[in-house]
Amino acid sequence: MGNDGGSIPKRRELVKEAARLPTASELKATALESLTHAWSTCPISSEPLDPHNTAADSRGRLYNYETVLRCLIPGANESSDAGEERQSQEAAEFARSGIRSLKDIIKLRFSLRKDEKRGAEIRVCPLSMKELGAATRAVYVVPCGHVFAETVMKELLAAEESPAANTDTDATPEKKTSHCPECSEVFALRDIVPVLPVDEADVEKCAARIEELKTLGLAHNLKKDKSAGGKKKKRKAAEEEEGSKANENGADGDRPAQKEKKQKKDRNDISSRINNSMTATLTAKVLAEQDERNRQRKLAAAVR
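A brief report on the enclosed structure follows. (Residues numbered from 1 in each chain as written. Predicted model: local features only at pLDDT ≥ 70, side-chain atom pairs only at ≥ 80, totals over all residues. Heavy atoms only, no water.)

## Description of unusual backbone geometry
To keep it simple, the criterion reads: Secondary structure elements follow DSSP: runs of H or I of four or more residues count as helices, runs of E of two or more count as strands, with numbering from the N terminus.
Cis geometry marks the peptide bond from V142 to P143, where omega comes out at 15°. Residue position: P143 is located in the loop between β6 (138–141) and β7 (147–149). The backbone of S46 shows a phi angle near 60°, a positive value even though the residue is not glycine. Inspection of the secondary structure assignment puts S46 in the loop between α2 (24–40) and β1 (54–57).

Here it is as structure tokens:
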């Protein structure tokens, strides 16, 4: 037993703990840790989020506004090798974000409060004064960008939808509007975007809003999306071109039938101009026989 190779370790000596699935509390702690990191760190530059210059995209993800500007502006490069490596990493993360222009983000307007214990500024809801972060669900309003606690916003909307306060009863859910509690700017209810959503329902809501704005030709900040308009024009031009080709093909295919119809009409006119009924009948019979011979001649030529 003196490390001479004569001892063989057993399984119970090597495996101290049996494999098991993580508990609900462990999963919740892991999700909270991930959410805390998303609330405090820019995913593009991995730098701490600046509460004064924070932007959010249509899916509720948070970025440093200056980082997005640096990635959108060509030529803002660093000359050193470390700077080039950092730039390549930022470019890869930025491409993964799906942001193509400033129309795809909204600059958020947080209410800040000095925390005496931490000695730093914290983001809070301007109505409930709750701290906004991983422990509190938050939403922001488009296009003003003010951020509120989700529970407070739901209570305000529920109060507005009450029979006593609701004056526009004929409005559909898509067309219902409200006013921002902070700046009184009008916004549609669909333009309340959750910040860093984790529930599947919130993620699907964000995706449905993006599709609806695309059909309306609007970007995330509710300005006109030129790329969507260009696609519509191209599609319309293609449809018009296909329609013109179909009309030309139809006209070419109908030419023999139109010619035969015209000849038949001319013959009827000839017979109608003859005053003698017997002569008109004889002329019509001769023309009919001639048409029959012409038809048989064409069939014979087609067989050959």
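Continuing now.
## A few points about the sheet that holds strand β2 (residues 62–64)
For clarity, the threshold we go by: Here, any two strands with at least 2 DSSP bridges between them count as paired. Interaxial angle, 0 to 180 degrees, is taken between N-to-C directions of lines fitted to C-alpha atoms, where a helix line uses only the stretch in contact. The contact criterion used throughout is that any non-hydrogen atoms of two residues lie within 4.5 Å.
Spatial ordering of the open sheet is given by β2-β1-β3, a layout of 3 strands whose pairing is antiparallel. Every interior strand has two partners, whereas the edge strands, β2 and β3 (105–107), have only one. Strand-to-strand twist across the sheet, computed as the mean angle between neighbouring axes with direction ignored, equals 35°. Two elements, β1 and β3, share 3 bridges in a ladder whose sense is antiparallel. Bridge pairing in β3 links A55 to K107. Relative to β2, helix α3 (residues 65–72) is tilted by about 70°, and along the sheet it contacts β1, β2 and β3.

## What about the pattern of salt bridges?
Quick reminder of the rule: By salt bridge we mean one thing: a side-chain nitrogen of Lys or Arg within 4 Å of a carboxyl oxygen of Asp or Glu. Only protein chains enter the accessibility calculation, which uses a 1.4 Å probe; a residue whose area is less than 20% of its type maximum is buried, one above 50% is exposed, and one in between is partly exposed.
One pass over the full model with this rule turns up 14 salt bridges. The residue E150 makes a salt bridge to R137 at a minimum N-O spacing of 4.0 Å. Of the two residues, E150 sits in helix α5 (residues 150–160) while R137 sits in the loop between β5 (120–124) and β6, which places them 13 residues apart along the sequence. On the basis of relative accessible area, E150 is assigned to the buried category, the value being 13%.

## A short note on α5
Basically, it comes down to this: This arc describes the spread of directions from the helix axis toward the C-beta atoms.
Listing the buried residues of α5 in full gives E150, V152, M153 and L157. Seen end-on, α5 carries its buried residues on one side only, within an arc spanning 160°. Looking at the packing, one finds that the buried side of α5 touches β6, β7, β8 (177–179), β10 (192–194) and α6 (200–215).

## What to know about the packing of aromatic side chains
Put simply, the rule is: Two rings from Phe, Tyr or Trp (for Trp, the six-membered ring) form a pair when their centres sit within 6.5 Å of each other. Planes less than 30 degrees apart are called stacked, planes more than 60 degrees apart edge-to-face, and all others tilted. Either the NZ atom of lysine or the CZ atom of arginine qualifies as a charge over a ring when it sits within 6 Å of the ring centre and within 35 degrees of the ring normal.
Applying the stated criterion across every chain, the model contains 0 aromatic pairs. The aromatic ring of Y65 is capped on one face by K107, whose charged end is 4.9 Å from the ring centroid. Taking the ring centre of F110 as reference, the NZ or CZ of R123 above it sits at 5.4 Å.

## Quick word on the side chain of N221
The condition is simple: A 3.5 Å cut-off defines polar contacts: any pair of N or O atoms within that distance qualifies, except that in protein one atom must be a possible hydrogen donor and the other a possible acceptor, and neighbouring residues in sequence count only when both atoms are side-chain atoms.
Structurally, the position occupied by N221 is in the loop between α6 and α7 (226–272). Engagement of the side chain of N221 in a polar contact is seen with the backbone nitrogen of K223, the distance being 3.2 Å.

## Focus: the sheet that holds β6
The antiparallel open sheet is built from 3 strands, whose spatial order is β7-β6-β10. Strands with a single pairing partner mark the edges of an open sheet, and in this sheet they are β7 and β10. Direction aside, the axes of adjacent strands within the sheet are offset by 35° on average. Relative to β10, β6 runs antiparallel, the two sharing 3 bridges. In the strand pairing of β10, V139 is matched with P194. Strand contacts of α5: β6, β7 and β10, with the helix running at about 85° to β7, the strand carrying the most contacts.

## As for the nonpolar core
Formally: The definition of a nonpolar core used throughout is a set of buried Ala, Val, Leu, Ile, Met, Phe, Trp, Tyr and Cys residues joined through side-chain atoms within 4.5 Å.
In terms of nonpolar packing, the biggest core is built from 40 residues, with W39, L62, L108, L132, Y140, V147 and V195 touching the most fellow members. When residues of this core are assigned to their parent elements, the largest contribution, 4 residues, is made by β6. Setting aside residues no more than four positions away along its own chain, V195 makes contact with W39, G60, L62, A138, V139, Y140 and V147.

## Comments concerning empty space enclosed by the protein
What counts here: Both site types are read off a 1 Å grid over the protein atoms alone. A 1.4 Å probe that fits but cannot get out defines a cavity, while an open set with protein on both sides within 12 Å along at least five of seven lines defines a pocket; lining residues have an atom within 4 Å of a point. Grid points are joined across faces, edges and corners, and a volume is the space filled by probe spheres set on the points. The residue classification treats Ala, Val, Leu, Ile, Met, Phe, Trp, Tyr, Cys and Pro as nonpolar and Asp, Glu, Lys and Arg as charged. All others, Gly included, are polar.
Using the criterion set out here, one finds 1 cavity of 30 Å³ or more in the structure. For the largest cavity, the calculated volume is near 40 Å³. Lining of the largest cavity is provided by S58, R190, I192, V193, P194, K205, C206 and R209. In terms of residue class, the lining of the largest cavity is made up of 4 nonpolar, 1 polar and 3 charged.

## Quick word on the pairing of β6
What you see with β6 is no split at all: A138 and Y140 on one side and V139 and V141 on the other are buried throughout. Sheet topology places β6 next to β7; 3 bridges connect them, and they run antiparallel. Paired with V139 across the strands is F148, a residue of β7.

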